[in-house]
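Below are the chains, spelled out letter by letter.
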Amino acid sequence: MKAKRLYFFLVLAFMVSSVKAQDLLDILDKERKDTLRYAEATFKFSRISFGHSVQTRKDGTLDVFITNRFWNTPADRSQSFFVDRLSTRFALEYGVSDRLMFGVGGTTFDGRFDSFLKYKLVKQRVDGNGSPFSLSLFQNASYFSESLSGSRYDAISSGRFSFTTQLLVAKKITPKFSLQVSPTFIHRGLVYGPEDPQNHFAVGFGGRYKLGAHVSFVSEYYYVANPLKSIDTYGPFSIGVNWELSDVMLQFMLTNAVSTVEDAFIAQTRNNFNFKNPNLNFGFNFTYTFHLKNKLKRKK
Amino acid sequence: MNKLLLFLLISTTFLQQDPGKIIARQGQVSFFSYTPVENIKAENNQVLSIIDLSDNKIAVQILMSAFIFEKALMREHFNESYIESDIYPKATFEGTIIDFDPTLEGEQTRIVKGNFTMHGATKELEIKIKIQKQRQKFMVSGSFEAEVQDYNIKIPPLLKGNIAKIISVDFKFEYEAYES
């Protein structure tokens with residue numbers, strides 16, 4: 001009996017001392033209570049493929065963003081080298097703060113100049129205490145500079161402006177998989193026919209799946225609730241791959257959208273997604289990111 | 001006899017607690033990667049560390065997302081593509097400071113031996129540290145080298161030149177008495 005009790009106390013003493021040795025890391029886990037953990041990089045870039053993602057750029061980063069779309073005309077024979085048509089948008093996009101982003105761009109093919117502001121309103125929290133999704137507001141204005149047949153357009157330059165407002169709602173569901181829904185309102189300046197609406201409602205769906213650490217698969221689609229009546233339009237769709245290399249972002253995609261400006265590609269995509277020329281475009285976007293602020297220096 | 005034993009056991013457990021624990025809440029850990037292409041430097045000033053003075057056991061906890069880089073994109077790449085902080089948010093170290101005498105005032109150089117876990121991989125390390133005691137404050141500093149390969153961190157072939165194979169890590173902790 002005595003021996004049993006002695007044994008029991010020895011075991012107890014051993015347990016007490018071993019518990020003491022183990023819980024150093026647990027003490028540290030308890031120490032760190034106030035760490036806010038937000039879902040970072042729901043998408044790797046400010047665009048999913050052609051459309052804006054919920055992501056804004058970090059404070060002090062300048063993106064030199066070049067968007068290209070290549071496509072062929074339906075002619076049997078063509079004397080064009082490589083592709084028949086090319087549209088390029090050159091843009092500068094700057095992260096004013098970690099939440100606010102500003103950009104200007106110009107497109108060669110349809111002569112559209114655009115400028116936008118995007119603000120990250122809500123950040124998704126991963127610890128379950130806050131918002132389960134991220135939310136950004138997007139507003140752009142675009143100016144259509146191409147000359148138009150029919151003199152009634154030339155008289156009023158205000159009709160050449162279009163505006164797009166988007167609510168970008170996204171969730172990083174797993175570290176690899178993110179989804180976005182983007183309710184969109186478009187006001188188009190130009191009136192093609194009396195039956196055409198000038199205000200469009202649309203909703204976009206987009207997603208990414210990380211294939212590896214640096215490569216992700218992306219796809220996007222926009223549904224327009226009240227499309228143009230005088231011409232046939234289709235919802236823009238894309239499948240693509242985003243490849244990130246240090247300061248360079250490369251995006252490759254197949255899409256039926258020609259334009260890269262929101263009001264044009266959402267409401268005025270005239271081809272459906274199929275493999276007949278000139279419906280299918282190959283898209284190649286190149287972005288080089290400059291860092292104008294040194295984060296280490298600013299802290300000191 | 002039994003009562004005496006019980007008394008001894010209780011008194012020893014209480015005696016063990018007597019030297020107590022010391023904690024560092026704003027420990028500094030920085031790492032460097034030097035290559036001809038690019039130098040990468042990152043700093044973390046929120047590292048936690050605790051030492052149990054009764055048995056010289058030490059633990060360190062590093063929050064990976066708290067590292068700050070010169071470029072904002074580097075931080076994103078570090079967390080998203082290399083260290084995968086969504087899956088492995090912390091790096092930890094657990095070890096023992098060999099022959100550490102907490103009562104000794106001034107400077108002493110000791111070896112700390114233990115396991116470092118980062119990105120899901122554990123490696124045994126032996127690090128030379130400098131301990132400086134001034135009144136009730138302890139300063140611990142040192143450096144070690146970590147091989148990227150040891151921690152299952154994959155670097156794409158195109159970026160092999162940008163990231164060093166061996167990363168040098170510096171650390172500095174200032175401890176004060178811990179009250180639970």
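Thresholds applied
Residues numbered from 1 in each chain as written. Chains lettered and ligands numbered in written order. Predicted model: local features only at pLDDT ≥ 70, side-chain atom pairs only at ≥ 80, totals over all residues. Heavy atoms only, no water. Helix = DSSP H or I, 4+ residues; strand = E, 2+ residues; numbered from the N terminus. Areas by Shrake-Rupley, 256 points an atom, 1.4 Å probe, with all protein chains shown as cover. Buried < 20%, exposed > 50% of the residue type's maximum accessible area, 1.4 Å probe, protein only. Contact = heavy atoms within 4.5 Å. Pairing = 2+ DSSP bridges. Axes fitted to C-alpha atoms, helices over the stretch in contact; angles between N-to-C directions. Salt bridge = Lys/Arg side-chain N within 4 Å of Asp/Glu carboxyl O. Polar contact = N/O pair within 3.5 Å; in protein donor to acceptor, adjacent residues only side chain to side chain. Nonpolar A, V, L, I, M, F, W, Y, C, P; charged D, E, K, R; others polar. Arc of directions from axis to C-beta. Core = buried A, V, L, I, M, F, W, Y, C linked by side-chain atoms within 4.5 Å. Phe/Tyr/Trp six-rings, centres within 6.5 Å; stacked < 30°, edge-to-face > 60°. Patch = residues over 30% accessible without salt bridge, like charges linked within 9 Å, V, L, I, M, F, W, Y side chains within 5 Å.

Further remarks concern the overall build of chain B. What chain B contains, in helices and strands, is two helices and nine strands. Reading chain B from its N end, one meets helices and strands in the order α-β-β-β-β-α-β-β-β-β-β. Entry remark: accessible area of chain B is about 9,500 Å², with carbon and sulfur atoms responsible for 52%.

Per the secondary structure count, chain A includes five helices and twelve strands. The burial tally for chain A puts 47% of its 300 residues in the buried class. A separation threshold of at least 6 residues defines the contact pool for chain A, and within that pool the share at least 24 residues apart is 58%. Summed over all atoms, the accessible surface of chain A reaches about 14,800 Å², with 64% contributed by carbon and sulfur.

Before going further, it helps to spend a moment on the sheet that holds strand β12 (residues 281-291) of chain A. Taken together, the twelve strands give a closed barrel; going around it, the order is β1-β2-β3-β4-β5-β6-β7-β8-β9-β10-β11-β12 (chain A), and neighbouring strands pair in antiparallel fashion. Strand after strand, the sheet turns through a mean of 20° between neighbouring axes, direction not considered.

Below, the discussion takes up the interface of chain A and chain B. Facing the 43 residues of chain A at the interface are 54 residues of chain B. Counting across the chain A and chain B interface gives seven salt bridges. For the salt bridge of Asp29(A) with Lys90(B), the shortest nitrogen-to-oxygen distance reads 3.0 Å. Taken together, the connections running from chain A to chain B amount to 14 residue pairs in polar contact (both at pLDDT 80 or more). Elements with a contribution of two residues or more to the side of chain A that touches chain B: α1 (2-22), α2 (24-31), β8 (199-210), β10 (237-245), β12 and α5 (295-299) of chain A. In terms of residue count, the dominant contributor to the side of chain A that touches chain B is α1(A) (nine residues). Taken together, the residues of the side of chain A that touches chain B break down into 15 nonpolar, eight polar and 20 charged.

Once that is clear, we can look at the pairing of β8(A). Residues and elements named next belong to chain A. Two elements, strand β7 (residues 177-187) and β8, share eleven bridges in a ladder whose sense is antiparallel. When the bridges of β8 are listed, Ser178 appears paired with Arg208. By the bridge criterion, nine bridges tie β8 to strand β9 (residues 215-224) in an arrangement that is antiparallel. Looking across to β9, one finds that Val203 is bridged to Tyr223. In sequence, β8 turns back onto β9 through a hairpin of four residues.

Moving on to unusual backbone geometry. Across the junction of Asn277(A) and Pro278(A), the peptide omega takes the value 0°, indicating a cis bond. Among the secondary structure elements, Pro278(A) is positioned in the loop between α4 (262-267) and β12. The phi angle at Arg135(B) is positive, at roughly 55°, despite the residue not being glycine. In this fold, Arg135(B) is placed in the loop between β7 (121-134) and β8 (137-147).

On to α2(A), then. Residues of α2(A) that are buried include every one of Leu24(A), Leu25(A), Ile27(A) and Leu28(A), and no others. All buried residues of α2(A) lie within an arc of 155° about the axis, which places them on one face of the element.

One finds Ile51(B), Ile62(B), Phe67(B), Phe116(B) and Tyr175(B) to be the most contacted residues of the largest nonpolar core, which totals 47 residues. Ignoring anything within four residues of it in the chain, the contact list for Tyr175(B) reads Ile22(B), Ile23(B), Ala24(B), Ser49(B), Ile50(B), Ile51(B), Ile58(B), Gln136(B), Lys137(B), Phe138(B) and Val140(B).

In total, this model carries 21 salt bridges over all chains according to the counting rule given. Between Asp114(A) and Arg89(A) there is a salt bridge, with the nearest N and O atoms lying 2.8 Å from each other. With Asp114(A) in strand β4 (residues 112-122) and Arg89(A) in strand β2 (residues 85-95), the pair connects residues that are 25 residues apart, well separated along the chain. Arg89(A) matches Asp114(A) in its accessibility class, with the two residues each being buried. Ionic pairing is found between Lys172(A) and Glu80(B), a salt bridge with its closest N-O pair at 2.7 Å.

Looking now at the packing of aromatic side chains. Residue and element names in this part refer to chain A. Scanning the model with the defined rule gives 26 aromatic pairs over all chains in all. Centre to centre, the rings of Phe237 and Phe273 are 4.8 Å apart; their planes meet at 80°, and the pair counts as edge-to-face. On the criterion of sequence distance, the pair formed by Phe237 in strand β10 and Phe273 in the loop between α4 and β12 is long-range, its members being 36 residues apart. Judged by relative accessible area, Phe237 falls into the partly exposed class, the value being 26%. Residue class for Phe273 comes out partly exposed when judged on its relative accessible area of 23%.

This brings us to the pairing of β7(B). All names here are of chain B. In terms of strand pairing, strand β6 (residues 106-118) meets β7 through 13 bridges, oriented antiparallel. Directly across from Asn115, in β7, lies its bridge partner Glu124. The loop that links β6 with its antiparallel partner β7 comprises two residues; one of these, His119, has a positive phi angle of about 55°.

With that settled, consider the environment of Ser49(B). Residue and element names in this part refer to chain B. In this structure, Ser49 sits in strand β2 (residues 39-52). What makes Ser49 buried here is its relative accessible area of 0%. Between the C-alpha atom of Ser49 and that of Phe144, which follows or precedes it by 95 residues, the distance is 17 Å. For Ser49, the side chain forms a polar contact with the side chain of Tyr175, separated by 2.6 Å.

Right, let's talk about a nonpolar patch on the surface for a bit. Side chains of Leu92(A), Val96(A), Phe102(A), Val104(A) and Leu117(A) sit close together on the surface and give an oily, nonpolar patch of about 390 Å² of accessible area. Within the secondary structure, Val96(A) sits in the loop between β2 and β3 (100-107).

This part is about helix α2 (residues 72-82) of chain B. The periodicity of an α-helix, 3.6 residues per turn, causes residues three or four positions apart to be oriented the same way. Residue and element names in this part refer to chain B. When you tally the buried positions in α2, you get eleven out of eleven residues, the bulk of the element. Residues Ala72, Leu73, Met74, Arg75, Glu76, His77, Phe78, Asn79, Glu80, Ser81 and Tyr82 constitute the buried set of α2. Just beyond α2, the residue with positive phi is Glu84, at close to 50°.

On to the side chain of Thr269(A). All names here are of chain A. Relative to the helices and strands, Thr269 is located in the loop between α4 and β12. With a relative accessible area of 3%, Thr269 lands in the buried category. In this structure the side chain of Thr269 is engaged in a polar contact, spanning 2.6 Å, whose partner is the backbone oxygen of Phe265.

Shape descriptors only; they carry no functional weight alone.
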